[in-house]
Amino acid sequence: LMTTNQNSTEMLRSEILSEVQKECEEIITNAKRQAEIFLAGIDKEKERIRQEHIDSANAEATHRSDLILSTVPVETGRHRAARIEALLRSVYDEVRERLIARDGIQYRETIISLAFDAIMHMDGDTFVLKLSGADYDMFSDSIIEEIAHRVGRPVNISIIQEPSISDGGVIVEDKDARQVWDNTLLKRLERLWPALRRYIAVQASFIPKTGSAGGNQ
């Protein structure tokens, strides 16, 4: 991946330098054409004027070259940042689609873990687990005992269907619905993404391995 990015940067730099060289050559060529007017004689004043034009043209060419070259780091930086952002977005989209498709995950265990995680963030001992219609039909009361055992304190858990859940996962409320923890799959990914995004960027050497990743769990 880094080789691809480096090649892209080198190609961009080469294109810019080539354009600089072409422009410089055109400026110098025009200057020489102007200078030919003063070659008719060997008069000292004509020679001085000729040299002034050549020097001016060379200075202009150098100035333009410096201006264009000064933009190379900025342009390559922008190009690299755009490529990295596009890559990270593609990773996010792929993870999202795999979650929706339940690809590569043990879904029953995932539901239990998401419910447990939500309850551990909440006070009280009575909770309602909201599942999609399909998940309710699949799991219903069969997971209540496992969740309660994992919590490790006396809790009362019931499960109901929630039509608004379409992407899988679970929403947990206390008995009065004053505490609500949305652990549906995509909400969970959304909360985790800032930390995951930084982790991916560090592992791929997009950014230095310094600082700490943020984001709620």
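Residues numbered from 1 in each chain as written. Predicted model: local features only at pLDDT ≥ 70, side-chain atom pairs only at ≥ 80, totals over all residues. Heavy atoms only, no water.

Comments concerning the nonpolar core
Here's step 1: Among the nonpolar cores identified, the biggest contains 22 residues, and Ile 119, Leu 129, Ile 143, Ile 147, Ile 157, Val 170 and Val 172 are the most heavily contacted of them.
Here's step 2: The element best represented in this core is helix α4 (residues 107-120), accounting for seven residues.
Here's step 3: Ile 119 has contacts with Phe 127, Ile 147, Val 151, Arg 153, Ile 157 and Val 172, leaving out every residue within four places of it along the chain. (Core = buried A, V, L, I, M, F, W, Y, C linked by side-chain atoms within 4.5 Å. Buried < 20%, exposed > 50% of the residue type's maximum accessible area, 1.4 Å probe, protein only. Helix = DSSP H or I, 4+ residues; strand = E, 2+ residues; numbered from the N terminus. Contact = heavy atoms within 4.5 Å.)

Description of the packing of aromatic side chains
Here's step 1: All chains considered together, the criterion is met by two aromatic pairs.
Here's step 2: Geometrically, the ring pair formed by Tyr 92 and Trp 193 is edge-to-face, given 5.0 Å between the ring centres and 70 degrees between the ring planes. Of the two residues, Tyr 92 is situated in helix α3 (residues 72-100) and Trp 193 in helix α7 (residues 185-203); the sequence distance between them amounts to 101 residues.
Here's step 3: The exposure class assigned to Tyr 92 is buried, which follows from its relative accessible area of 13%. (Phe/Tyr/Trp six-rings, centres within 6.5 Å; stacked < 30°, edge-to-face > 60°.)

Topic: the pairing of strand β3 (residues 169-174)
Here's step 1: With six of six residues buried, β3 is to be regarded as a mostly interior element.
Here's step 2: Of the strand pairs in this sheet, strand β1 (residues 126-131) and β3 are connected by four bridges, and their pairing is antiparallel. Paired with Phe 127 across the two strands is Asp 174, which belongs to β3.
Here's step 3: With five bridges connecting them, β3 and strand β4 (residues 180-184) associate as antiparallel partners. (Pairing = 2+ DSSP bridges.)

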